[in-house]
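The lines below spell out each chain.
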Amino acid sequence: MHKRNKHKDGYDFERLLKAHSDLDPFVFTNAHGTQTIDFAKPEAVKALNTALLKAHYDMGYWEFPKANLCPPIPGRVEYIHYMADVLKSPTPNANIKVLDIGTGASCIYPLLGHATYEWQFVGSDISERSLENAKKIVDKNKLGEAITFRLQRNPTHIFKEILRENDQFSLSICNPPFYKNEAEAFEATTRKLKGLGKLSDTVVRNFAGTAQELWFEGGEKAFLHTYLYESSLYKKQCVWYSSLVSNKAHVKSMQSSLKKLKAETVKVISMPMGNKVSRVVAWTFYTEKELKEVINNNYK
């Protein structure tokens, strides 16, 4: 994990239980003598991540519908830390403004980004219901001045109808939908849980997530290439664009497309997390000289 990730040394369950007593029924000691939870139980996963937010990020309220995915805090904040490195701003800086594409009902990236680095956020989503829930979380944590939202009314667009003429963002972040349709998402979830030996109708439903979170017509590759193309229409309204990429095979096609779109710099960042390796692709249309000017003028 990133050197600034608070969770790189594992979970301090004593601290977590003090912060969120609802976690207690799910904690047990495994055969290796280590305290843990059953990660195949949605209630346990949500309780753990709620405890992490309360204990480490001073969040007093974090609730969202069961239909929505529960984001793992250590992995989500890992993305934030690596983007701080890309921005060359590893310390708190309220001058940095971030656009979170598909912020979701949990509002996780704005919460973590503001708590860790004091960044300002605009979260966009195609689900009005998700944004209503995200706003409730923000309001209850008194973060309304730091985090605002915009509804994307056209689900085929990323930046169109979201970016405004006078907008100037330091960064865009995104955790894109993985699948082409509901059937593909259901099959992948079923396969994963079967491998864990935890397959049941209830568990599959609880892990399924909503349509907006999991699938996009054409799948992850189609979403990412729409993202790339639209970023080229707003070259100077965002200093760095970025996205998580689930399928490693999509990275090469992204690099090829970004070359054609005349991106100045493209970074591929590997993020090892246990046995899993995630990756982020980040790109900018700013020259090196322009990037230095931005850092000198805006990030100090």
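Conventions and cut-offs
- Residues numbered from 1 in each chain as written.
- Predicted model: local features only at pLDDT ≥ 70, side-chain atom pairs only at ≥ 80, totals over all residues.
- Heavy atoms only, no water.
- Helix = DSSP H or I, 4+ residues; strand = E, 2+ residues; numbered from the N terminus.
- Contact = heavy atoms within 4.5 Å.
- Areas by Shrake-Rupley, 256 points an atom, 1.4 Å probe, with all protein chains shown as cover.
- Pairing = 2+ DSSP bridges.
- Axes fitted to C-alpha atoms, helices over the stretch in contact; angles between N-to-C directions.
- Parallel < 35°, antiparallel > 145°, perpendicular 65-115°, else oblique.
- Nonpolar A, V, L, I, M, F, W, Y, C, P; charged D, E, K, R; others polar.
- Salt bridge = Lys/Arg side-chain N within 4 Å of Asp/Glu carboxyl O.
- Buried < 20%, exposed > 50% of the residue type's maximum accessible area, 1.4 Å probe, protein only.
- Core = buried A, V, L, I, M, F, W, Y, C linked by side-chain atoms within 4.5 Å.
- Polar contact = N/O pair within 3.5 Å; in protein donor to acceptor, adjacent residues only side chain to side chain.

Right, let's talk about the overall build of the protein for a bit. The helix and strand tally for the protein stands at 11 helices and nine strands. At a minimum sequence separation of 6, the contacts of the protein that also span at least 24 residues come to 70%. Element-wise, carbon and sulfur atoms account for 48% of the exposed surface of the protein, whose accessible area totals about 15300 Å².

Taken in spatial order, the seven strands line up as E5-E4-E3-E6-E7-E9-E8 in an open sheet, and their pairing is mixed. Of all strands in the sheet, those bounded by a partner on one side alone are strand E5 (147–151) and strand E8 (265–273). Going across the sheet, the axis of each strand differs from the next one's by a mean of 20 degrees, ignoring polarity. Across four bridges, the pairing between strand E7 (residues 238–244) and strand E9 (residues 276–284) is antiparallel. Paired with Ser-243 across the bridge in E9 is Val-281. Lying over the sheet, helix H4 (residues 108–117) contacts strand E3 (97–101), strand E4 (120–125), E5, strand E6 (169–174) and E7, oriented at roughly 175 degrees with respect to E4. Of the strands in this sheet, E8 and E9 touch helix H10 (residues 250–260), which is tilted by about 5 degrees from E9.

The subject of this paragraph is the packing of helix H2 (residues 42–57) against helix H3 (residues 73–86). Contact geometry of H2 with H3 gives a least axis separation of 10 Å together with a crossing angle of 50 degrees. Relative to H3, H2 is oriented oblique. Contacts between H2 and H3 involve Asn-49, Leu-52, Leu-53 and Tyr-57 on the former and, on the latter, Ile-73, Pro-74 and Val-77. Split into classes, the residues belonging to the contact of H2 with H3 amount to six nonpolar, one polar and no charged.

To continue, consider the pattern of salt bridges. Note that side chains of opposite charge can pair when their charged atoms are close. Considering all chains together, one arrives at six salt bridges under this definition. The partner of Lys-135 in a salt bridge is Asp-139, with the nearest N and O atoms 2.8 Å apart. You can see Lys-135 and its partner Asp-139 sitting in helix H5 (residues 128–140), four residues apart, about one turn around the helix. Taking relative accessible area as the criterion, Asp-139 reaches 40% and is therefore assigned partly exposed. The salt bridge involving Glu-290 is made with Lys-236; its shortest N-O contact spans 3.1 Å. Taken together, the residues Glu-290 in helix H11 (residues 288–298) and Lys-236 in the loop between helix H9 (219–233) and E7 connect sequence positions 54 residues apart. Owing to a relative accessible area of 26%, Glu-290 belongs among the partly exposed residues under this scheme.

For the rest of this paragraph, the subject is the nonpolar core. With 55 residues, the main nonpolar core has Leu-23, Met-83, Trp-119 and Ile-173 as its most contacted residues. Apart from the residues within four sequence positions on either side, Ile-173 is in contact with Tyr-79, Ile-80, Met-83, Val-98, Leu-99, Asp-100, Ile-101, Tyr-109, Phe-121, Tyr-227 and Ser-242. Grouped together as the second largest cluster of nonpolar side chains are 25 residues, Val-122, Ile-162, Leu-258 and Phe-285 included.

Our focus in this paragraph is H4. For H4, the tally of buried residues reaches nine of 10 residues, placing the bulk of the element in the interior. Ile-108, Tyr-109, Pro-110, Leu-111, Leu-112, Gly-113, His-114, Thr-116 and Tyr-117 are the residues of H4 that are buried.

This part takes up the side chain of His-81. In this structure, His-81 sits in helix H3. Given the relative accessible area of 2%, His-81 is considered buried. Only 2.6 Å separates the side chain of His-81 from the side chain of Tyr-117, close enough to count as a polar contact.

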